[in-house]
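Notes for the structure review
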Amino acid sequence: MKVLISGASVAGPVLAHWLHRYGFEPTIVERTPELRHGLGGHAVDLFSSAAEVTRWMGCWDAIDAARTRIDSMTMERVGRRPVKVDLSRMYAGISSSHVEILRGELTRILYDASRDTAEYLFGDSIASLSDDGSGVDVTFDSGTQRRFDLVIGADGLHSNVRRLAFGPEEPLRRWLGGYLAVFSMPDIFDVGNHTLAHLSVDKLVGIYGVHQTGQTRSGFLFRTPHELHYDYRDKDEQKALLVKEFSNYGWKVPQLLQHLETAEDFYFDSIAQITLDTWSTGRIGLVGDAGYCPGPAVGGGTSLAVMTAYVLARELAAARSDLAAGLQSYERIIRPLVDQSRRIGPKLMGTIIPGSPLALRLMPFAAATLAKLPTSVQRFIWSQNAVGKTLGSVDLIQPQVGQSVA
């Protein structure tokens, strides 16, 4: 059976790897002319079951070797003494298996795990989809026409497949009130393997080191009372919005913004969720952020993408030729996970970006205190909230080698 996957970031390559192992013929189409890998993108986390899936793929050693190696953070605020947080202890308290890795590095590793067993079409995209019940006829932007048994959108928050199959993004998107921007620059503040963060009400600025290059990554999180309107593909417009928002911020921000124009890996997007209640229609389905983005930077979307891509491949294989049944089983299994992940974003928005002077005073000390607690106590605390429940809400059964689709 031939499956077309749109998107070559995280969910797409994971899905392609497992589909091939189960006997499918995966093809991945990616809009960019070449893979956006290397050391670009912001740092993302793999926790618990997501880490286990990459271990089963044979990727864990490479992922672990590429970790950011950032183990501490200093939080600063105007008029108050800095607070240092032991991140290594905090991560150990959340999950027994955790790695923080640059998104570009993770994408490269997942691509390497799937490139020999999946067909990759770079520099192209899907222009139209026609599902006749027995297959999907696909027309690409290049003009090529092909037929597939199944089409899966793994193309992120602004999914093209979702737009074609489910309609415009706007009614399906829930804005959480904030924005995220990230870009690379020289390590002018000698950050090294450390994170510096400056907090104010409704704003957070962070700088963390990239040990592989000696550079730093600058991250900006901020809330606005009203949603901003901009073209999500217009980087110049987005840079102007960021400069306007932080033009009078102070701290180290003026020096950071001086490097904005020359940054080649600038990323800017709203912190928003996708709130579809179903993730398939006929022979077209969605996985990862395309179907249920929990919110960039606040929802654990990378771990969610890895876990759900694995479950999708497994359930399609179990259903064999009844792909509709496989999609329905996939939705049933991941629904508790998605429901829990949707609860994380709004909660963490208020925790990570202080929303009041009181939160600004308390948050750094709460984080530092939590990290000092015994690991067993931390894990109990995490298990009682949405983050911990999400990490443990799907039981991932290790695949049987040699299992294949009929």
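The text that follows walks through the structure, step by step, so that each part is easy to find. What you see is a predicted model; the values in this text were computed from it and never measured.

A tally of regular secondary structure across the protein chain gives 14 helices and 18 strands. A compact globule built from 406 residues should have a C-alpha radius of gyration of about 22 Å, and the protein chain, at 21 Å, falls within 12% of that. Expressed as lengths along the three principal axes of its C-alpha atoms, the size of the protein chain is roughly 65 × 45 × 35 Å. Looking at the protein chain as a whole, 55% of its 406 residues qualify as buried. In the protein chain, once contacts between residues fewer than 6 apart in sequence are set aside, the share between residues at least 24 apart is 73%. Per element, the accessible surface of the protein chain, about 16,900 Å² overall, is 50% carbon and sulfur. Each charge class in the protein chain was averaged separately, 41 positive and 44 negative side chains, and the resulting centres sit 7 Å apart.

So, on to the packing of aromatic side chains. With the rule as written, the count across this model stands at 19 aromatic pairs. Relative to Phe-266, the ring of Phe-183 lies with its centre 6.5 Å away and its plane at 40°, an arrangement referred to as tilted. With Phe-183 in strand β12 (residues 173–186) and Phe-266 in the loop between α8 (253–257) and β16 (267–274), the pair connects residues that are 83 residues apart, well separated along the chain. Of the two residues, Phe-183 and Phe-266, neither departs from the other in class, the shared state being buried. The structure contains a cluster of three or more aromatic residues connected by ring pairs, namely Trp-175, Tyr-179, Phe-183, Phe-220, Phe-222, Tyr-230, Phe-246, Tyr-249, Phe-266 and Phe-268. One Lys or Arg, Lys-203, reaches over the ring of Phe-246 and ends 5.7 Å from the middle of that ring.

This part covers the pairing of β16. Counting buried positions along β16 yields seven of eight residues, so the element is predominantly enclosed. The pairing of β12 with β16 spans eight bridges and is antiparallel. Counted as the bridge partner of Tyr-179 is Ser-270 from β16.

Attention shifts here to the packing of helix α1 (residues 11–21) against helix α5 (residues 103–114). Direction vectors running N to C along α1 and α5 enclose 20°, while the axes themselves pass 9 Å from each other. What the angle tells us is that α1 and α5 run roughly parallel. For the pair α1 and α5, the crossing hand works out as left-handed. For the pair formed by α1 and α5, the contact residues are Pro-13, Val-14, Ala-16 and His-17 on the first element and Leu-110, Tyr-111, Ala-113 and Ser-114 on the second. Grouping the constituent residues of the contact of α1 with α5 by class yields six nonpolar, two polar and no charged.

A word on the nonpolar core. Among soluble globular proteins, nonpolar side chains are generally buried collectively. Counting residues in hydrophobic clusters, the biggest one holds 74 residues, and the most contacted among them are Leu-15, Trp-18, Ile-63 and Val-287. The element best represented in this core is helix α10 (residues 301–319), accounting for 11 residues. Those residues within four positions of Val-287 in sequence are excluded, and the remaining contacts are Ala-11, Leu-15, Ile-152, Gly-153, Ala-154, Tyr-292, Thr-308, Ala-309, Leu-312 and Tyr-330. Core analysis: the second largest hydrophobic core is formed by 30 residues, Leu-102, Leu-204, Ile-271 and Ala-368 among them.

Running from N to C, α1 and α10 point in directions that differ by 30°, and their axes come no closer than 8 Å. Between α1 and α10, the angle falls in the class roughly parallel. Relative to α10, α1 is oriented so that their crossing is right-handed. Along the contact surface, α1 presents Ala-11, Val-14, Leu-15, Trp-18 and Leu-19, while α10 presents Ala-305, Val-306, Ala-309, Tyr-310, Leu-312, Ala-313 and Leu-316. Within the contact of α1 with α10, the residues separate by chemical class into 12 nonpolar, no polar and no charged.

A few words now on the side chain of Lys-203. When you line up the elements, Lys-203 lands in strand β14 (residues 203–210). In this structure Lys-203 comes out as buried when scored by relative accessible area, which is 15%. A polar contact of 3.1 Å, which involves the side chain of Lys-203, links it to the side chain of Glu-245. Those residues in contact with Lys-203 that sit more than four places away from it in its chain are His-198, Leu-221, Phe-222, Glu-245, Phe-246, Tyr-249, Ile-353 and Pro-354.

Once that is clear, we can look at unusual backbone geometry. Its identity is not glycine, yet Ser-48 carries a phi of approximately 45°, on the positive side. By the element assignment, Ser-48 lies in helix α2 (residues 48–56).

A large share of β14 lies buried, amounting to eight of its eight residues. Across six bridges, strand β13 (residues 195–200) lies against β14 in antiparallel orientation. Opposite Leu-196, over in β14, you have Ile-207 as the bridge partner. By the bridge criterion, eight bridges tie β14 to strand β15 (residues 215–223) in an arrangement that is antiparallel. Paired with Val-205 across the two strands is Phe-220, which belongs to β15.

In space, the six strands of this open sheet follow the order β7-β2-β1-β11-β18-β17, with mixed pairing throughout. Each edge of the sheet is formed by a strand with only one pairing partner; in this case those strands are β7 (119–122) and β17 (280–281). Bridging between strand β1 (residues 2–6) and strand β2 (residues 25–30) involves five bridges; their strand directions are parallel. Looking across to β2, one finds that Val-3 is bridged to Pro-26. Strand contacts of helix α11 (residues 323–352): β11 (150–153), β17 and β18 (284–286), with the helix running at about 25° to β11, the strand carrying the most contacts.

The rules behind these values
- Residues numbered from 1 in each chain as written.
- Predicted model: local features only at pLDDT ≥ 70, side-chain atom pairs only at ≥ 80, totals over all residues.
- Heavy atoms only, no water.
- Helix = DSSP H or I, 4+ residues; strand = E, 2+ residues; numbered from the N terminus.
- Rg over C-alpha atoms; globule rule 2.2 N^0.38 Å.
- Buried < 20%, exposed > 50% of the residue type's maximum accessible area, 1.4 Å probe, protein only.
- Contact = heavy atoms within 4.5 Å.
- Areas by Shrake-Rupley, 256 points an atom, 1.4 Å probe, with all protein chains shown as cover.
- Lys, Arg positive; Asp, Glu negative; His and termini not counted.
- Charge placed at Lys NZ, Arg CZ, Asp CG, Glu CD.
- Phe/Tyr/Trp six-rings, centres within 6.5 Å; stacked < 30°, edge-to-face > 60°.
- Lys NZ or Arg CZ within 6 Å of the ring centre and 35° of its normal.
- Pairing = 2+ DSSP bridges.
- Axes fitted to C-alpha atoms, helices over the stretch in contact; angles between N-to-C directions.
- Parallel < 35°, antiparallel > 145°, perpendicular 65-115°, else oblique.
- Left-handed = near helix turned anticlockwise from the far one by under 90°.
- Nonpolar A, V, L, I, M, F, W, Y, C, P; charged D, E, K, R; others polar.
- Core = buried A, V, L, I, M, F, W, Y, C linked by side-chain atoms within 4.5 Å.
- Polar contact = N/O pair within 3.5 Å; in protein donor to acceptor, adjacent residues only side chain to side chain.

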